Amino acid sequence: MVNKFLEYLQYEKRYSVHTVTSYRKDLEDFMMFCLRTEGTENITGADKKVIRNFIVDLSENNISKRSINRKISSLRSFYLFLMKIGEIKVSPAASIQSLKFYAEKQIPMSAEEMQNLNDHVFGQVQDPLEKAILEVLYQTGIRKSELCGMMFENVDISGNELKIEGKGKKERMIPIAPALSDLLRRYMEIRKPQAEHQLYFFVNGKGKKLNEKFVYIVVNKYLSLVTTKEKRSPHILRHSFATHVLENGAEISKVKKILGHSSLASTQVYTSANIEQLKKVFNQAHPRASKKEEL
């Protein structure tokens, strides 16, 4: 049943490979727990008590509350699927509550730190790929997975646009500044993809599609040169993008569209400003975008 559920997520729900892999890992962890404590890997017939014991076991092994809640969510989805196909009548996870915790505050890079990166660090960068990675993440707010999966045909340099495939295979268009288009054009001059990876815009020095670990290493390396903040990840650049454009007056509805958020609430966490004051468009707000262009 687990494999059927994962196929349902991949082919019907059209979840990304990364998301399906996370669900698989969560369910496999529960299966191993059931084998160890109940003597069976068959989790279809597990009851509420077993799930609660699983949560206690995770807590005793110092698994973070965020990770535990993700596993609870995975189990909820799995048993809802079993109900949908008629395998069970009642979900044993229905009454299981997520653990309460205070999310760690994400502190974005300041506009000054990003300007220092541009003014004092990039002049020494020899690799156009590394500079392109940082600038695309900061100037568009896309996720690292979206950057790695960006298709060559979806990069419109002459039109200053990127087509991004986000969660659930949803596509969105993102405007980019001419300066970023020029940077991508320079990267293309040294881009040498292997035949099986040529569909992807970004490839590494061996001509293969970028992996997310490589992107994280690049971002962390350069942000370490301009900040002492603990969080120096690709997600912080996404957070910084949203914070900076909203602080400069971008309309939150347009930022939501650019980020690929499904709800406005996800975007609102990036600002404490009055939404009525957010009247400027994206290209007028971003620190590196042209002041004359419109979204």
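Residues numbered from 1 in each chain as written. Predicted model: local features only at pLDDT ≥ 70, side-chain atom pairs only at ≥ 80, totals over all residues. Heavy atoms only, no water.

Draft legend 1. Examining the side chain of N154 more closely. With respect to the secondary-structure elements, N154 resides in the loop between α7 (144–148) and β1 (155–156). Assessed through its relative accessible area of 16%, N154 is described here as buried. Discounting residues that sit within four places of it in the chain, N154 has contacts with E161, L162 and K163. (Helix = DSSP H or I, 4+ residues; strand = E, 2+ residues; numbered from the N terminus. Buried < 20%, exposed > 50% of the residue type's maximum accessible area, 1.4 Å probe, protein only. Contact = heavy atoms within 4.5 Å.)

Draft legend 2. Molecular detail of unusual backbone geometry. The phi dihedral of R14 falls on the positive side, at around 60 degrees, and the residue is not glycine. Tracing the chain through its elements places R14 in the loop between α1 (2–12) and α2 (17–38). Overall, R14 belongs to the partly exposed group, its relative accessible area being 45%. The phi dihedral of N62 is positive, around 60 degrees, even though this residue is not glycine. Take N62: it is sitting in the loop between α3 (48–60) and α4 (65–84).

Draft legend 3. Quick peek at the pattern of salt bridges. Applying the stated criterion across every chain yields a total of 12 salt bridges. In this structure, the salt-bridge partner of R36 is D57, at a minimum N-O distance of 3.2 Å. You can see R36 sitting in helix α2 and its partner D57 sitting in helix α3, a full 21 residues away along the chain. In this structure, K169 engages E165 in a salt bridge whose closest nitrogen and oxygen atoms are separated by 3.6 Å. What makes K169 partly exposed here is its relative accessible area of 34%. When its relative accessible area of 42% is taken as the criterion, E165 is described as partly exposed. (Salt bridge = Lys/Arg side-chain N within 4 Å of Asp/Glu carboxyl O.)

Draft legend 4. Quick look at the confidence of the model for the protein. Chain-level statistics for the protein give a pLDDT mean of 87 and a share of 89% at 70 or above. Here residues 272–281 scores under 50 on pLDDT; set against residues more than four positions off or in separate chains, the count is 18 contacts. In this model, residues 291–295 is a region of pLDDT below 50 whose contacts with residues beyond four sequence positions or in other chains number 17 contacts. (pLDDT = per-residue confidence, 0-100.)

Draft legend 5. Molecular detail of the nonpolar core. Grouped together as the largest cluster of nonpolar side chains are 48 residues, with contacts concentrated most on L184 and F202. Taken together, the elements giving at least two residues each to this core come down to α5 (111–121), α6 (128–140), α7, β2 (161–165), α8 (178–190), α9 (212–223), α10 (234–247) and α11 (252–259). With 7 residues, the single largest contributor to this core is α6. In this view, F202 contacts L129, A132, V136, L147, M150, L184, Y187, K208, K209 and L210; residues no more than four positions away in its chain are not counted. (Core = buried A, V, L, I, M, F, W, Y, C linked by side-chain atoms within 4.5 Å.)

Draft legend 6. Quick look at the packing of α1 against α4. The geometry of α1 relative to α4 is characterised by a closest axis approach of 10 Å and an angle of 95 degrees between their N-to-C directions. It follows from the interaxial angle that α1 and α4 lie roughly perpendicular. Across the interface between the two elements, V2, K4, F5 and Y8 from α1 touch S74, S77, F78, F81 and K84 from α4. Class assignment for the residues of the contact of α1 with α4 results in 5 nonpolar, 2 polar and 2 charged. (Axes fitted to C-alpha atoms, helices over the stretch in contact; angles between N-to-C directions. Parallel < 35°, antiparallel > 145°, perpendicular 65-115°, else oblique. Nonpolar A, V, L, I, M, F, W, Y, C, P; charged D, E, K, R; others polar.)

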